[in-house]
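Each chain, written out:
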Amino acid sequence: MRLIIKNISNLVTCAGEGIKKGKEQRDAKIIENGYVIVNNDIIEELGSGEDFKKFIDKNTILIEGKGKTVTPGLVDPHTHVVYSGSRENELPLKLNKVSYIDILKAGGGILSTVENTRKTAEADLFNESKKRLDTMLLHGTTTIESKSGYGLNFKDEVKILQVNRMLGSRHPIDVVSTYLGAHAVPAEFKDDREGYINLMINKVIPYVAEKKLAEFIDCFLEEGVFNLDEAERILKMGRKCGLKLKVHADEIVSVKGAELSGKLKATSAEHLVAISEAGIREMAENNVIAVLLPSTSFYLMLNKFAPARKMIDENLAVALATDCNPGTSPTENLQNVMTYACFGMGLLPEEIINAVTINAAYAVGRGDKIGSIENGKKADLVIFNSKNLNYLIYHFGVNAVDKVIKNGKIAVENNQIKEEAYA
Ligand SMILES: [Zn+2]
């Protein structure tokens, strides 16, 4: 069964030699008047002009691409999408300049979401999270990474990771699961940090790895959360058990998180608003991907974004993510993040689209299968109501999706998810 998108005004392939570092990130390999041929769930062919015609038979679905921009399905490489409740009650505190860390110290922030998430049964947690994935898909996201970290004990962390697994198998979006038990120290271990770290190292991490409930392990390395030595111990245990590494690093204060990600040769370091010069060098030397979260900077009112321009100039590969979470970035919309990356960080449209497709795919360990439009890759595509890539970034604050193709099938059309997309 073939599906052909023809006469595409801007076919943004993000193709090339894999991950796009430094200057390479500026080239998204755009084809004008392009076509893409999808055969079942695989990209069979692409090009420009009329050559697609020879592939047409009586069963072919033809989609008009004139006036549209087509990109790879968007990949959101850093989310905390599985949680219960919301935290709009923190808004007045934020406006009174109470800091994130002070809200956390007072038992709010992450810990209030932990309380809600622990109380919520697995099936309800699945339903709440599924709605967020629906919103993501409607905005063009076809693969996400999803972190645990609102359970902070054995039972509830496992429950969240099981919800990740259920979402991955039942929802059209593909889900890459990350264990983030080291998201905060839970209230019951407030006076016994070492006890909580030992629980993770001796019990939770080996279990999660053995049951294949996660592919990655992450740690929130930040002043007032986990320190450098603790993070290193936790991440090393994860690696020993076969998990790949991510680090929440240098979000608010520089605590040498980027340096640690280089030392441990992590797949990615994430946030990095306060990254040091040495941290940038360490990451570049060790091929660590920078996953940046500009909507979080905006939402925390930091008046500061991660130095994305400098990172690219220093030959790093930059990816972008929503950080979808109830406290510091309650949004599922990666298109908004693209706007912040342009107007907040000064990235170019081509750098931005590579950051939410091919580089994001590498950040979740899927760069060989998704993230670009190339022969043999999985047919995850977005058709945007934008006459070119620049227009997609220029016309902001609206959902520009016309259609989403997931696994070779139309999953979103007319702002709705098709029932058969769940099959
Ligand atoms: Zn995060």
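Up top is the structure.
Quick caveat, the model's predicted, so the values are computed rather than measured.

Engineer: How do you make sense of the overall build of the protein chain when you look at a structure like this?
Structural biologist: The number of helices and strands found in the protein chain is 15 helices and 17 strands. For the protein chain, the C-alpha radius of gyration of 21 Å lies close to 22 Å, the compact-globule estimate for 423 residues. Expressed along its principal axes, the backbone C-alpha trace of the protein chain runs to roughly 70 × 45 × 45 Å. Looking at the protein chain alone, contacts between residues at least 24 apart form 72% of all its contacts between residues at least 6 apart. Accessible surface computed for the protein chain: about 16500 Å², of which carbon and sulfur atoms make up 50%. If you average the places of the 53 positive and of the 56 negative side-chain charges in the protein chain, the two averages end up 2 Å apart.

Engineer: Just to check I follow, could you spell out the nonpolar core for this structure?
Structural biologist: Soluble globular proteins: nonpolar side chains tend toward being buried together. With 104 residues, the main nonpolar core has Phe-226, Leu-272 and Leu-292 as its most contacted residues. Excluding residues that lie within four positions of it along the chain, Phe-226 makes contacts with Ala-182, His-183, Ala-184, Val-185, Arg-193, Tyr-196, Ile-197, Met-200, Cys-219, Phe-220, Leu-221 and Ile-234. Of all hydrophobic cores here, the second largest spans 16 residues; its members include Val-38, Ile-373, Leu-381 and Ile-405.

Engineer: Sorry if this is basic, but what is going on with the pattern of salt bridges here?
Structural biologist: Should the charged atoms of two oppositely charged side chains come close, the side chains can pair. All told, the structure shown has 33 salt bridges when counted by the stated rule. We note a salt bridge from Asp-313 to Arg-309, for which the minimum N-O separation is 4.0 Å. On the criterion of helical spacing, the pair formed by Asp-313 and Arg-309 is a turn pair, its members being four residues apart in helix α11 (residues 308-313). Given the relative accessible area of 56%, Asp-313 is considered exposed. For Glu-314, the salt bridge goes to Lys-310, with nearest N and O atoms at 3.2 Å. For Glu-314, a relative accessible area of 32% gives the class partly exposed. By sharing partners, the salt bridges in this structure join Lys-68, Asp-402, Lys-403, Glu-413 and Lys-418 into a single network.

Engineer: What should I look at first to understand a nonpolar patch on the surface in this one?
Structural biologist: Taken together, the side chains of Leu-91, Leu-95 and Met-301 define a hydrophobic patch exposed on the protein surface, amounting to about 280 Å² of accessible area. Overall, Leu-95 belongs to the exposed group, its relative accessible area being 57%.

Engineer: I would appreciate a short explanation of the sheet that holds strand β6 (residues 74-76) in the present structure.
Structural biologist: Strand pairing in a sheet relies on backbone hydrogen bonds, with the paired strands running either antiparallel or parallel. Judged by pairing direction, the sheet is parallel, and its eight strands sit side by side in the order β6-β7-β8-β9-β10-β11-β12-β13 without closing on themselves. Since the sheet does not close on itself, it has two edges, and those belong to β6 and β13 (318-320), each with one partner. Neighbouring strand axes in the sheet, compared pairwise and without regard to direction, differ in orientation by 25° on average. Alignment of strand β7 (residues 141-147) against strand β8 (residues 174-182), held across five bridges, turns out to be parallel. The residue bridging Ile-144 from the neighbouring strand is Val-175, located in β8. Set on the sheet, helix α6 (residues 193-210) makes contact with β8 and β9 (216-221); between it and β8 the angle comes to about 155°.

Engineer: What exactly am I supposed to notice about the coordination of the zinc ion here?
Structural biologist: Six octahedral donors around a metal ideally subtend angles of 90 or 180 degrees, whereas four tetrahedral donors ideally subtend 109.5 degrees. Distances from the zinc ion to its protein donors, namely His-78 (NE2), His-80 (NE2), His-248 (NE2) and Asp-323 (OD), fall within the range 2.0 to 2.6 Å. Its four donor atoms give the zinc ion angles of 79 to 168° at the centre, a pattern that matches the irregular case. Mapped onto the polypeptide sequence, the residues donating to the zinc ion form the spacing pattern H-x1-H-x167-H-x74-D. Pair noted here: His-80 is in the loop between β6 and α1 (91-95) and His-248 is in strand β10 (residues 244-249), with a separation of 168 residues, a long-range link.

Engineer: Looking at this model, I keep getting lost on the side chain of Arg-2. Mind explaining?
Structural biologist: You can see Arg-2 is positioned in strand β1 (residues 2-12). There is a polar contact of 2.6 Å between the side chain of Arg-2 and the side chain of Glu-44. Other than its neighbours up to four places away in sequence, Arg-2 contacts Ile-37, Val-38, Asn-39, Glu-44, Phe-55, Asp-57, Asn-59, Thr-60 and Ile-61.

Engineer: What's the story with the packing of aromatic side chains in this structure? I'm lost.
Structural biologist: Think of a pair of aromatic rings as described by two things: how far the centres are apart, and how the planes are tilted against each other in angle. Applying the stated criterion to the full structure yields six aromatic pairs. Here Arg-132 stacks its cationic end above the ring of Tyr-83, 3.5 Å away from the centre of that ring.

Quick notes on the rules
- Residues numbered from 1 in each chain as written.
- Predicted model: local features only at pLDDT ≥ 70, side-chain atom pairs only at ≥ 80, totals over all residues.
- Heavy atoms only, no water.
- Helix = DSSP H or I, 4+ residues; strand = E, 2+ residues; numbered from the N terminus.
- Rg over C-alpha atoms; globule rule 2.2 N^0.38 Å.
- Contact = heavy atoms within 4.5 Å.
- Areas by Shrake-Rupley, 256 points an atom, 1.4 Å probe, with all protein chains shown as cover.
- Lys, Arg positive; Asp, Glu negative; His and termini not counted.
- Charge placed at Lys NZ, Arg CZ, Asp CG, Glu CD.
- Core = buried A, V, L, I, M, F, W, Y, C linked by side-chain atoms within 4.5 Å.
- Buried < 20%, exposed > 50% of the residue type's maximum accessible area, 1.4 Å probe, protein only.
- Salt bridge = Lys/Arg side-chain N within 4 Å of Asp/Glu carboxyl O.
- Patch = residues over 30% accessible without salt bridge, like charges linked within 9 Å, V, L, I, M, F, W, Y side chains within 5 Å.
- Pairing = 2+ DSSP bridges.
- Axes fitted to C-alpha atoms, helices over the stretch in contact; angles between N-to-C directions.
- Donors = N, O, S within 2.8 Å, 3.2 Å for Na, K, Ca; no water.
- Tetrahedral: all angles 85-135°; square planar, octahedral: opposite > 155°, others 65-115°.
- Polar contact = N/O pair within 3.5 Å; in protein donor to acceptor, adjacent residues only side chain to side chain.
- Phe/Tyr/Trp six-rings, centres within 6.5 Å; stacked < 30°, edge-to-face > 60°.
- Lys NZ or Arg CZ within 6 Å of the ring centre and 35° of its normal.

Such coordinate-based values are descriptive only and should not be taken to indicate function.
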